[in-house]
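# Topology and contacts: notes
Here is how the chains run, residue by residue.
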Amino acid sequence: MDKIIAGHALTPGKTVKDHIHVHGTELHVPHVLLCGMEDGPTALISAGIHNAEYVGIQAAIELSNELDVQELRGNVIILPLANRSGFENRTMSMVWEDGKNLNRVFPGDAEGSTAEKLAHTLFDVFIRNVDYYIDLHSGDGFEELIPYAYYLGDAPAAGKAREMIECVNTKYFVRSKCRTGGAYNLASVHGIPSVLIERGQLSLFSREEIEADKADVRNILRRIGILPGDYTTYEKTELAEFSDDAPCTGCWYPEKQVGDWFRKGEKLGEIRDYFGRSLFTAFAPCDGVLIHQCASLNIIEKGPMVTYGIRQNDSE
Ligand SMILES: [Zn+2]
């Protein structure tokens, strides 16, 4: 009996391009099923959970046309644009209908708001039925970041996720402790080896970044045996991640660039009011590297301001 996903039997050699309707909403989410000729694991690749993170979306669209079912051992499922209504209404990564951040509401709720229904469907139909999961993200229109990857450290399949991370070509990775809200976090808690790759920023996308995302995915697929050939591993620095949210709304003036290392006590940025008066100065609470920061002039109370990493061996 072939495995069934989204109502389609994963019959060897089959390619499916279809949409799944999210019950109780107007949403029809595109998905591609690539069924290999030989038996093997099933990997899920998702993009566009944040709809204005374009590098991963384009990489996923291209992979869905470039991966050859004749070559696959096992199956690859691709969700190129999870938050479709956000994309089609050009939100900054919120679900259009309810203004919610899809990657904060997993596992969702079949009776909840649109984002919650969407998360429920994505988890129930796709995520919980796969053996491996790769989620592609970038910096949104207001976010600068350097490329890095996450996995959940304290999870049943953390060892396998760590092997996937080794195949990602970035300088840094984060062993996360966050078990709730996000798609890859939930998958990890459910024992599915999962990684999240961040590459690209400010809702921009380049050929180089798209190719780098595709190369990472292919390299992971070789590591887990779905694609033939040798994989490459990349030396990386492990970081513990810390985020400081903005204490107030106003205008944001960052002092550092992503990728900069800083010392404890250095100024990271300042929030001022609309008359140019200082409201708050952000200082580094420790030595670290800036991996992600707000890059828009506006900053929002309790919203992202700076995210930094501490070398894992230093953070004990
Ligand atoms: Zn994202």
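Above this text is the structure in question.
A few points on the structure. (Residues numbered from 1 in each chain as written. Predicted model: local features only at pLDDT ≥ 70, side-chain atom pairs only at ≥ 80, totals over all residues. Heavy atoms only, no water.)

## Quick notes on the coordination of the zinc ion
So the rule is basically this: Any N, O or S atom lying within 2.8 Å of the metal counts as a donor, and for Na, K and Ca the limit rises to 3.2 Å; water is left out, so some sites can look incomplete. Think of it this way: with four donors and all angles in the 85 to 135 degree range, the site is tetrahedral; with four or six donors, opposite ones beyond 155 degrees and the rest between 65 and 115, it is square planar or octahedral; otherwise it is irregular. Whether a residue is buried, partly exposed or exposed follows from its accessible area with a 1.4 Å probe, protein chains only, as a fraction of its type maximum: under 20%, in between, or over 50%, in that order.
Distances from the zinc ion to its protein donors, H50 (ND1), E53 (OE), E53 (OE) and H137 (ND1), fall within 2.0 to 2.5 Å. Metal-centred angles of 56 to 148° between the four donor atoms at the zinc ion mark the site as irregular. Here the donor residues of the zinc ion are spaced in sequence according to H-x2-E-x83-H. A relative accessible area of 8% means that H50 is categorised as buried. On the basis of relative accessible area, E53 is assigned to the buried category, the value being 3%.

## A few points about unusual backbone geometry
We apply this condition: We count a stretch as a helix when DSSP gives it H or I for four or more residues in a row; a strand needs E for two or more, and each element gets its number in order from the N terminus.
Each neighbour pair has its own omega, and for F106 with P107 the value is 10°, a cis peptide bond. Inspection of the secondary structure puts P107 in the loop between α2 (84–88) and α3 (114–126). Not every positive phi belongs to a glycine, and R90 is a case in point at roughly 50°. Take R90: it is sitting in the loop between α2 and α3. Unlike most non-glycine residues, K302 shows phi in positive territory, near 70°. Looking at the secondary structure, you find K302 in the loop between β18 (298–299) and β19 (304–311).

Read these as geometric descriptors, not functional statements.
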